[in-house]
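The residues making up each chain are set out below.
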Amino acid sequence: MFDATAPETSLRAIAQAINRTEQAERVLTQTEQQIFVARKDLAAVVAAHPTLLLLSSFDLQNMYLGNSAHGICSSLIEEIGFQLVAPLEFEDSDSIFPAPISLETLPQLNAADSVIMLGSNFSPPKLSNSDDQFETDQLADIKQSWQVNAILPWRGFTNAQSLDASKAGRVYFIPAYLCLGLPGPIGTELYLDQLKQQLLSP
């Protein structure tokens, strides 16, 4: 019934329907404050490494370029101040499931100072009482694939590790569900926490 890429509009509509408009506005104000703080905290990182490549995948064989249809996954990155890198043929694509990009496409995206890979795992989760284990399961396959999966030689690149951002240690893995599955205030808070935790890490 609601557009997942427009969480504020959806929240306001729901709040009006159940007579909770005032509470919704408080939540939205808190979210704006969190974004303001994140922008301030990450200002030095943005200044030093302004361009960022956003990808989503679960196995590297099907990678999707983060675009406007990725909701807060991409919009928060831009609100913080980063410039998303995209080849020209993908810039006008607003489909949540555009054609996947191949590993061979990565060299065309080498202008990015940093890479954020949104990882997911749709296999049944292992029984665990640990939130950390769930997050680990979401990212384990994509992290391993990034490390070992080779791409066809092209312009001197031999694998994903040949990207400048990868050589510099600026590839970050974040569970996709934080922003794709929770496109409202809760997801925003968790996603911002992850961004700050990883991008500010030594």
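So, here is what we can say about the structure in this document. (Residues numbered from 1 in each chain as written. Predicted model: local features only at pLDDT ≥ 70, side-chain atom pairs only at ≥ 80, totals over all residues. Heavy atoms only, no water.)

Thoughts on the overall build of the protein chain
Move 1: Counting secondary structure elements, the protein chain contains eight helices and seven strands.
Move 2: Expressed as a percentage of its 202 residues, the buried residues of the protein chain come to 43%.
Move 3: Nonlocal contacts in the protein chain, meaning residues at least 24 apart in sequence, comprise 72% of its contacts between residues at least 6 apart.
Move 4: Carbon and sulfur atoms form 54% of the exposed surface of the protein chain, whose accessible area is close to 11200 Å². (Helix = DSSP H or I, 4+ residues; strand = E, 2+ residues; numbered from the N terminus. Buried < 20%, exposed > 50% of the residue type's maximum accessible area, 1.4 Å probe, protein only. Contact = heavy atoms within 4.5 Å. Areas by Shrake-Rupley, 256 points an atom, 1.4 Å probe, with all protein chains shown as cover.)

Thoughts on the state of the cysteines
Move 1: Using the criterion set out here, one finds one disulfide in the structure.
Move 2: Sulfur-sulfur distance for the disulfide between Cys-73 and Cys-179 comes to 2.0 Å. On the sign convention where negative is left-handed, the bridge of Cys-73 and Cys-179, at about 100° about the S-S bond, is right-handed. Note that Cys-73 is positioned in helix 4 (residues 72–80) and Cys-179 in helix 7 (residues 177–181), a separation of 106 residues in sequence. Both residues of the pair, Cys-73 and Cys-179, belong to the buried class. (Disulfide = S-S within 2.5 Å.)

Here we look at the packing of aromatic side chains
Move 1: Counted by the stated rule, this structure contains one aromatic pair.
Move 2: Measuring from ring centre to ring centre gives 6.5 Å for Trp-146 and Phe-173, while their planes differ by 80°; the resulting arrangement is edge-to-face. One end of the pair, Trp-146, is in helix 5 (residues 131–148); the other, Phe-173, is in strand 7 (residues 171–175), with 27 residues separating them in the sequence.
Move 3: By relative accessible area, which is 2% here, Trp-146 ends up buried. (Phe/Tyr/Trp six-rings, centres within 6.5 Å; stacked < 30°, edge-to-face > 60°.)

Overview of the pairing of strand 7
Move 1: By the criterion of burial, strand 7 is predominantly enclosed, with five of the five residues buried.
Move 2: Neither face of strand 7 is open: one carries Val-171, Phe-173 and Pro-175, the other Tyr-172 and Ile-174, and all of them are buried.
Move 3: Bridge count between strand 4 (residues 114–119) and strand 7: five bridges; the pairing is parallel. Among the inter-strand pairings, Gly-119 is bridged to a residue of strand 7, identified as Pro-175. (Pairing = 2+ DSSP bridges.)

Some words on the pattern of salt bridges
Move 1: Counting across every chain of the model gives four salt bridges.
Move 2: The shortest N-O distance in the salt bridge between Arg-12 and Glu-8 comes to 3.6 Å. On the criterion of helical spacing, the pair formed by Arg-12 and Glu-8 is a turn pair, its members being four residues apart in helix 1 (residues 7–17).
Move 3: Under the relative-accessibility criterion, Glu-8 is labelled partly exposed at 35%.
Move 4: Notably, a salt bridge pairs Arg-26 with Glu-22, separated by 3.3 Å at the nearest N-O pair. With Arg-26 and Glu-22 both in helix 2 (residues 21–41) and four residues apart, the pair spans about one turn of that helix. (Salt bridge = Lys/Arg side-chain N within 4 Å of Asp/Glu carboxyl O.)

Comments concerning a nonpolar patch on the surface
Move 1: A cluster of nonpolar side chains, contributed by Met-1, Phe-2, Ile-14 and Ile-18, occupies part of the molecular surface with about 500 Å² of accessible area.
Move 2: Within the element layout of this structure, Phe-2 appears in the segment before helix 1. (Patch = residues over 30% accessible without salt bridge, like charges linked within 9 Å, V, L, I, M, F, W, Y side chains within 5 Å.)

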